[in-house]
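Observations on chain architecture
Each chain, written out:
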Amino acid sequence: MEQAELRARQLETALQTRLVIELAKGFLVGRDGVTPDEAFHSLRSYARSHHLTVHDVCQRVVDGEPLIGSPAG
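In what follows, the accompanying structure is described. Remember, it's a predicted structure, so these values are computed and weren't measured experimentally. (Residues numbered from 1 in each chain as written. Predicted model: local features only at pLDDT ≥ 70, side-chain atom pairs only at ≥ 80, totals over all residues. Heavy atoms only, no water.)

Right, let's get into the pattern of salt bridges. Pairing is possible between side chains that carry opposite charge, provided their charged atoms lie close to one another. For the structure shown, the criterion picks out three salt bridges. A salt bridge links Glu-22 to Lys-25; the nearest nitrogen and oxygen atoms lie 3.3 Å apart. Residue Glu-22 and its partner Lys-25 are both found in helix α1 (residues 2-32); the two are separated by three residues, about one turn of the helix. With a relative accessible area of 34%, Glu-22 lands in the partly exposed category. Here the salt bridges do not stand alone but share partners, grouping Arg-18, Glu-22 and Lys-25 into one network. (Salt bridge = Lys/Arg side-chain N within 4 Å of Asp/Glu carboxyl O. Helix = DSSP H or I, 4+ residues; strand = E, 2+ residues; numbered from the N terminus. Buried < 20%, exposed > 50% of the residue type's maximum accessible area, 1.4 Å probe, protein only.)

Printed below as a string of C-alpha cells:
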C-alpha cells in the first residue's frame, strides 16, 4: 500500500511539473509568436543562465513575473 501511495504522489508531482511547463510554453507561444520548441529553449536557456530549474522559471512565468523577453526581464 505504501508503494502505491508513493507512486501516486510521484505521478502527481510529474503531472503538475509538466502542466506548469506546458502553460509557460503556451504563454510564450502566444505572447512572442514562437514555436513550442523555441519557447522551451528560451525557458531552458533562461533557467541555465540564472542557475534555476526549468520548473522554477516556468512557475514564475505562470505566476505572471516579468522574465523572459520582457522589458524588465
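Another point: the environment of His-55. Assignment of secondary structure puts His-55 in helix α3 (residues 54-62). Sequence separation between His-55 and Val-20 is 35 residues, and the spatial gap between their C-alpha atoms is 7.1 Å. With residues near it in sequence (within four places) discarded, His-55 still touches Thr-17 and Val-20. (Contact = heavy atoms within 4.5 Å.)

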